[in-house]
Amino acid sequence: MFENSCLFETVIGACGLTWSDAGLTGVQLPEATVAKSLARLTRHGAQPVDAASVPEEIGGVIAALRAFLSGDETGFNQVRLDMHRHSAFEQEAYEALRKVAWGKTVTYGDLAATVGKPNGAQAIGMAMGRNSWPLIVPCHRVLGANGWLGGFSAPGGTVTKKSLLEREGVFPDGGQMALFE
């Protein structure tokens, strides 16, 4: 399956997208360097495209991601996803998670129960670790029991997860955003 990719600047650094004719195949949050971001983005053979010449649908995703990362309430349910690299269970978990709105969270256990696996919290954790679309499939909104952050496999780990949640007004540790950053 032929894929394209592009890097684009955001307030947090260079992010990237990969896509096929069937939909978005990946979202890349910034790595330590642009070269590392590009290497990770193209690891499955996606061909780089200049961000100025992406299809209109992908341009809309870029604009929405920039808005989200700038702190604007943004939804991604309209974004078409190409899930060919994911199992049926992962696909079901991702579709259920896409229904968790801005500023809301769900526990690993509750998400597992939603997809018919009431004892599947660990399987949900594994699926979140394989999520190809951070932010689009909002795995940062999945918390452990009692508000525990859980993991986050995107660059920056749980520091990034906490920052994304704070952008949405969610403070899992009970803290508040700093007045001055």
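The structure presented is a predicted model; accordingly, all values stated were derived computationally and were not measured.

Cut-offs applied
Residues numbered from 1 in each chain as written. Predicted model: local features only at pLDDT ≥ 70, side-chain atom pairs only at ≥ 80, totals over all residues. Heavy atoms only, no water. Core = buried A, V, L, I, M, F, W, Y, C linked by side-chain atoms within 4.5 Å. Buried < 20%, exposed > 50% of the residue type's maximum accessible area, 1.4 Å probe, protein only. Helix = DSSP H or I, 4+ residues; strand = E, 2+ residues; numbered from the N terminus. Contact = heavy atoms within 4.5 Å. Pairing = 2+ DSSP bridges. Axes fitted to C-alpha atoms, helices over the stretch in contact; angles between N-to-C directions.

How should the nonpolar core be read in this particular structure?
With 43 residues, the main nonpolar core has Leu 17, Leu 24, Leu 65, Leu 97, Met 128, Trp 133 and Ile 136 as its most contacted residues. Secondary-structure elements contributing two or more residues to this core are β1 (4-10), β2 (13-20), β3 (23-28), α2 (56-69), α3 (88-97), α4 (108-114) and α5 (121-129). The element contributing the most residues to this core is α2, with seven residues. In contact with Leu 24, other than residues within four places in its own chain, are Leu 17, Thr 18, Trp 19, Ile 58, Val 61, Val 79, Arg 80, Leu 81, Asp 82, Trp 133 and Ile 136.

Explanation requested: the sheet that holds β2 in the structure shown.
Neighbouring strands of a sheet are bound in pairs by backbone hydrogen bonds; such pairs are parallel or else antiparallel. Read across the sheet, four strands follow the order β3-β2-β1-β4 without closing on themselves; strand pairing throughout is mixed. Strands at the two margins of the open sheet, each flanked by one partner only, are β3 and β4 (47-48). Judged from the five bridges that link them, β2 and β3 form a sheet pairing that is antiparallel. For Trp 19, the partnering residue across the bridge sits in β3 and is Leu 24. Along the sheet, helix α1 (residues 34-41) contacts β1, β2 and β3; its crossing angle with β1, the most-contacted strand, is approximately 150°. Most of the contacts of α2 go to β1, to which it runs at about 30°, and overall it touches β1, β2 and β3.

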